[in-house]
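Residue-level listing of the chains:
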Protein chains: 2
Amino acid sequence: MAPSAPARFSVEQFYVPLSLEKVTDVMDEFLHFAMYEMDRLSYLEINLKYYRLMQKDTEMQILMCDGLLRSEALMERLRGHRFDVVLADPIFACSDLMAEVLGIPLVFTLRFSVANTMERLCGQLPAPPSFVPGAMGKFTDRMGFVDRLINSIFYLSQDLIAIKLWEEYDKYYSDILGRPTKFCESVGMADIWLIRTYWDFEYPRPFLPNFKFVGGLHCRPAMPLPEQSLTVFKDMEEFVQTSGDDGIVVFTLGSMIQNLTTEKGNMIAHALGQVLWRYGGEKPKTLASNTRIYDWIPQNDLLGHPKTKAFITHGGTNGIYEAIYHGVPMVGIPLFADQPDNMVHMKAKGAAVILDYNTMQSKDIVDGLNTVINDPSYKESATRLSRIHHDRPMKPQDEAIFWIEFVMRNKGAKHLRVQAHRLTWYQYHSLDVIAALLATVVLIIFIFIKTCSFCFRKCCSRSRTKSKSE
Amino acid sequence: MAPSAPARFSVEQFYVPLSLEKVTDVMDEFLHFAMYEMDRLSYLEINLKYYRLMQKDTEMQILMCDGLLRSEALMERLRGHRFDVVLADPIFACSDLMAEVLGIPLVFTLRFSVANTMERLCGQLPAPPSFVPGAMGKFTDRMGFVDRLINSIFYLSQDLIAIKLWEEYDKYYSDILGRPTKFCESVGMADIWLIRTYWDFEYPRPFLPNFKFVGGLHCRPAMPLPEQSLTVFKDMEEFVQTSGDDGIVVFTLGSMIQNLTTEKGNMIAHALGQVLWRYGGEKPKTLASNTRIYDWIPQNDLLGHPKTKAFITHGGTNGIYEAIYHGVPMVGIPLFADQPDNMVHMKAKGAAVILDYNTMQSKDIVDGLNTVINDPSYKESATRLSRIHHDRPMKPQDEAIFWIEFVMRNKGAKHLRVQAHRLTWYQYHSLDVIAALLATVVLIIFIFIKTCSFCFRKCCSRSRTKSKSE
């Protein structure tokens, strides 16, 4: 940040010709697709629908880019600040383009792109489909033949979709810069990729020197629960303490789901014991007296509370990381986006059971809770993940700060950039070399056979001549 | 180390039925091969000769393994110590086997194996030959088609040699453990690989979570030059100061070369100005008055001296790292082993020029020194490498210590181990998946063609029948 900046943060607003309604509509369509349609569509239909939705997203994103990059006044102000670095999530387009236009280095902070297309194709992150499952694919790193086949098809199909979608950006980027520019190459110019996971969550996989895994950088030790300050939480600590040795369960399905159907709400409520439930909807009728509903809960402080035995979660990364940080086993009720895949990670690492939101019954929730609370392996796994999370050379926040400041100090981090960026896909995979080697082998065999047959004919004709003359 | 260990280090000796003469002979044969024979042999001859030399090395190594693993008394003492970790360089075999027998975790410290066969095949380190040059291959990470072709052949030939050589170890390991055991799988069980380079030296490349780059961990700030304490260095600081603004040059060809030919010695001496030369041989006749010869020099302190302008080096990794640490440009006279490849790294990064030991003349040394001293780009590059070396999240020594202690605390680091270890080579590269996909495509095309031709025949025969009946 420029030293003359008056406050710690300064926010610039810019105009985008997009109604909130339009944005919400697309968002709702995405949600509906992910939660209800995906289960009953074929693989091809899912991909076609996903492609159409992403086209709408691309249109909106380009409008947002326009609001930023075509605003001369704003760009002039940004230039005037002489920033040292752009820090952005590449899920939103054009931050790399802005860095290019402003002529300053770029640091990405990213959770993932679908099937890691962006990290793989633009960032050159190596990912053999045989043991690196694509993000959202719900595989672990232990795949049999069929899983590996499906994972490969997942990579291929998502690559095709991404490459097709990026054509729109290619046009836009070329237009802004006034020279032919590829979106993916521009994204690949990022100096550092801060990936918001770590080996407590991620399956071990190959990566590159400019990929830094800083998962859990938002986590912090638990604070005492509010007792007096906020009336809404007035007696939270008291309520938690009444659980005695049984302890409590923390329950939230995140901020995207404000309302369940009354039926679902009642069904869930029926299953719960001593629970703090973050829920914005109508209070279910079957709610037990030892379940409390709040519009918002101090989730991190509750997860870090010694009485907390389990966490019922939709499987958002932030919540999972708070549970890992505090070593709390989980019951996952994943809804959409990366949530199902996230919960597969936690299940594979032995720290969670997964329920199906659409088919689960009260009994399943009770069983799930009993499993993660009473089978000690879940608590052990959660504790192990917590140990991995804490026992690393540097706190994730410090590591992220180090690399952002490194880029600011050194005007980039080009020494961490692999030369794979200058290769085509067939050069990268040495297909031209393999073709040349195979051609050589074939040529040698061909020459060998021809020579042999020539010699053979010579010999035969000589012996024939000989026998004739005899 | 066991807490009851009386001293900080305790050394165990063991008997190996090998004469020093035999070891020296093999070493000399290696040296002669690397320094004089390699240039005049064909690629095939080099590989055959190398294979034969490595067979001798394998024989000797297995004798050394025997001395350790078949000594019941020694193994019993080692068991009694209850060590927490084995720390070893895998260039010497059987440390992994010892860790397995003792049932304790294993940390490797490694500079490289030829063409990185061990890291790639046993450690599962990914290395696309298109932009990751094999160690000793003397390529950079910017390779054209021919370079990539040769690098691929280098990988392939070295892999074949390694796999063939490891068969001896397979037998030995199986014999010791009493069950079929592969050497490469045993090596692959290492929890952490501490690689003794970093991105100041290494070309950026993919790596794995359990590979930690701790290059330069032996480097330290320069101490003042000895003035009084050691008579041999009595006036070293004074001598350095007499150089005035011109500064000094530090010169060593390492500890392996004790004697040059008189001719070479005179030729080199003729070229040198204000130089501190570490050299154990006969004093050359043409030595200038401002060149001093020492049996041993405080190399790190000299390289860190503000008067030092350049470093003439054989290109050993330790010396190069001291030069990087202090930001000193280099003139490389590589002799054998990894030295030529090391110097290619430094040249590619703009911090060195390279001379050919066999063909160089006095003038070449003078020119080389003039270039790295007077062309500011060399000093700038050396300074940049020094900045990269120092500006990292953790000192390399601290990072190495952290991971060794991590393994001791957690009895391993299995969460960093990729599942690639359980795949065959064709599974790893998804060749079975590609075959299945290709077969499906071929089948679909076949069915399509058959169906078309069947329909076509039906139509034709119908129209023929029709035209006949007409």
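What you see is a predicted model, and the numbers here were worked out from it, not measured in a lab.

## Quick notes on the environment of Gly368(B)
All names here are of chain B.
And then number 1: Position of glycine 368 relative to the elements: it lies in helix 13 (residues 362-374).
And then number 2: Glycine 368 sits in the buried class, given a relative accessible area of 4%.
And then number 3: Apart from the residues lying within four places of it in its own chain, the contact partners of glycine 368 are Val331 and Val353.

## A word on the relation of the copies chain B and chain A
And then number 1: When chain B is fitted onto chain A, the two copies agree to an RMSD of 0.1 Å after a turn of 180 degrees and an axial shift of 0.1 Å. Considering both components of the superposition, the chain copies are consistent with a two-fold axis. Taking C-alpha positions as reference, the residue of chain B nearest the rotation axis is Phe207(B), located at 2.8 Å.
And then number 2: Here 100% of the contact residues of chain B are again contact residues in chain A; the copies associate through an equivalent surface.

## Observations regarding the sheet that holds strand 4 (residues 211-213) of chain B
All names here are of chain B.
And then number 1: Taken together, four strands build an open sheet; the order of strands is 1-2-3-4 and the sheet is parallel. Looking at the sheet topology across the chains shown, the edges are occupied by strand 1 (86-88) and strand 4. Taking the axes of each pair of neighbouring strands and ignoring which way they run, one obtains an average angle of 20 degrees across the sheet.
And then number 2: Taken together, the four bridges between strand 2 (residues 106-110) and strand 3 (residues 192-195) define a ladder with parallel strand orientation. The partner of valine 107 across the bridge, within strand 3, is isoleucine 192.
And then number 3: The strands touched by helix 4 (residues 95-102) are strand 1 and strand 2; relative to strand 2, the strand with the most contacts, the crossing angle is about 170 degrees.
And then number 4: Contacts between helix 15 (residues 396-410) and the sheet are confined to strand 1, strand 2, strand 3 and strand 4, with strand 3 contributing the most and set at about 165 degrees to the helix.

## Comments concerning the state of the cysteines
Two cysteines joined by a covalent bond between their sulfur atoms form a disulfide.
All names here are of chain A.
And then number 1: Evaluation of the coordinates by the stated rule reveals four disulfides over all chains.
And then number 2: A disulfide bridge connects cysteine 65 with cysteine 94, and the sulfur atoms are separated by 2.0 Å. The sign of the S-S torsion, about 105 degrees, decides the handedness of the disulfide formed by cysteine 65 and cysteine 94: right-handed. Residue cysteine 65 is found in helix 2 (residues 43-69), and its partner cysteine 94 is found in the loop between strand 1 (86-88) and helix 4 (95-102); the two are separated by 29 residues along the sequence.
And then number 3: On the basis of relative accessibility, which here comes to 2%, the residue cysteine 65 falls in the buried class.
And then number 4: Here the disulfide map of chain A reads 1-2, 3-4, the bonded cysteines being numbered as they appear in the sequence.
And then number 5: Here cysteine 452 stays unpaired: no disulfide links it, and the sulfur of cysteine 455, its closest cysteine neighbor, is 6.5 Å away.
And then number 6: With relative accessibility at 40%, the residue cysteine 455 sits in the partly exposed group.

## A closer look at the packing of helix 9 (residues 262-271) of chain B against helix 13 of chain B
Residue and element names in this part refer to chain B.
And then number 1: Viewed as axis vectors pointing N to C, helix 9 and helix 13 meet at an angle of 35 degrees, and their least axial separation amounts to 8 Å. Along this stretch, helix 9 crosses helix 13, giving a crossing that reads as right-handed. In contact with Met267, Ile268, His270 and Ala271 of helix 9, helix 13 contributes Ser362, Ile365 and Val366.
And then number 2: Residues of the contact of helix 9 with helix 13, tallied by class, amount to five nonpolar, two polar and no charged.

## A closer look at the UniProt feature "transmembrane region" (unreviewed entry) in chain A
And then number 1: Using the residue numbers shown here, the UniProt feature "transmembrane region" (unreviewed entry) corresponds to residues 433-456 of chain A.
And then number 2: Along residues 433-456 of chain A the backbone is 100% helical and 0% strand, and the end-to-end C-alpha distance reaches 34 Å.

## Here we look at the domain arrangement of chain A
And then number 1: Taken domain by domain, chain A consists of domain 1 (20-217 + 395-417), domain 2 (231-381) and domain 3 (426-458).
And then number 2: Each of domain 2 of chain A and domain 3 of chain A was reduced to a C-alpha centroid, and the two centroids are 64 Å apart.

## A few points about the side chain of Lys307(B)
All names here are of chain B.
And then number 1: With respect to the element layout, lysine 307 can be found in the loop between helix 10 (299-303) and strand 8 (308-313).
And then number 2: Look at lysine 307: it is buried, it has no salt bridge, and the nearest opposite charge is aspartate 245 at 5.0 Å.
And then number 3: Within the structure, the side chain of lysine 307 is placed 3.1 Å from the backbone oxygen of glycine 244, a separation counted as a polar contact.
And then number 4: Apart from residues no more than four positions distant in its own chain, lysine 307 is found in contact with Val240, Gln241, Ser243, Gly244, Gly247 and Ile248.

## Thoughts on the sheet that holds strand 6 (residues 275-278) of chain B
By way of backbone hydrogen bonds, the strands of a sheet pair with one another, either parallel or antiparallel.
All names here are of chain B.
And then number 1: With parallel pairing, six strands are arranged side by side in an open sheet as 7-6-5-8-9-10. Strands with a single pairing partner mark the edges of an open sheet, and in this sheet they are strand 7 (291-294) and strand 10 (352-354). Between one strand and the next, the sheet's axes are offset by a mean angle of 15 degrees, whatever the strand orientation.
And then number 2: Relative to strand 7, strand 6 runs parallel, the two sharing four bridges. The residue of strand 7 that forms the bridge with leucine 276 is arginine 292.
And then number 3: Relative to the sheet, helix 12 (residues 339-348) contacts strand 8, strand 9 (330-332) and strand 10, its axis offset from that of strand 10 by approximately 135 degrees.

## Considerations on a nonpolar patch on the surface
Residue and element names in this part refer to chain A.
And then number 1: Where nonpolar side chains cluster on the molecular surface, the patch consists of Trp425, Tyr426, Leu431, Ile434 and Leu438 and spans about 540 Å² of accessible area.
And then number 2: With three residues, the top contributor of residues to the nonpolar patch is helix 17 (residues 431-469).
And then number 3: Looking at where tryptophan 425 falls in the secondary structure, it is placed in helix 16 (residues 425-428).

## With respect to the pairing of strand 8 of chain B
All names here are of chain B.
And then number 1: Across the six residues that make up strand 8, a large majority, five, are buried.
And then number 2: Looking at chain direction, strand 8 and strand 9 are connected through three bridges and run parallel. Opposite isoleucine 312, over in strand 9, you have valine 331 as the bridge partner.
And then number 3: Handedness of the crossover joining strand 8 and strand 9 through helix 11 (residues 317-326): right-handed.

About the criteria used
- Residues numbered from 1 in each chain as written.
- Chains lettered and ligands numbered in written order.
- Predicted model: local features only at pLDDT ≥ 70, side-chain atom pairs only at ≥ 80, totals over all residues.
- Heavy atoms only, no water.
- Helix = DSSP H or I, 4+ residues; strand = E, 2+ residues; numbered from the N terminus.
- Buried < 20%, exposed > 50% of the residue type's maximum accessible area, 1.4 Å probe, protein only.
- Contact = heavy atoms within 4.5 Å.
- Least-squares fit on C-alpha atoms with pLDDT ≥ 70 in both.
- Pairing = 2+ DSSP bridges.
- Axes fitted to C-alpha atoms, helices over the stretch in contact; angles between N-to-C directions.
- Disulfide = S-S within 2.5 Å.
- Left-handed = near helix turned anticlockwise from the far one by under 90°.
- Nonpolar A, V, L, I, M, F, W, Y, C, P; charged D, E, K, R; others polar.
- UniProt positions renumbered as here; feature names shortened; annotations may be inferred.
- Domains from an automatic or database assignment.
- Lys, Arg positive; Asp, Glu negative; His and termini not counted.
- Salt bridge = Lys/Arg side-chain N within 4 Å of Asp/Glu carboxyl O.
- Polar contact = N/O pair within 3.5 Å; in protein donor to acceptor, adjacent residues only side chain to side chain.
- Patch = residues over 30% accessible without salt bridge, like charges linked within 9 Å, V, L, I, M, F, W, Y side chains within 5 Å.
- Areas by Shrake-Rupley, 256 points an atom, 1.4 Å probe, with all protein chains shown as cover.
- Right-handed = clockwise from strand over helix to strand, strands pointing away.

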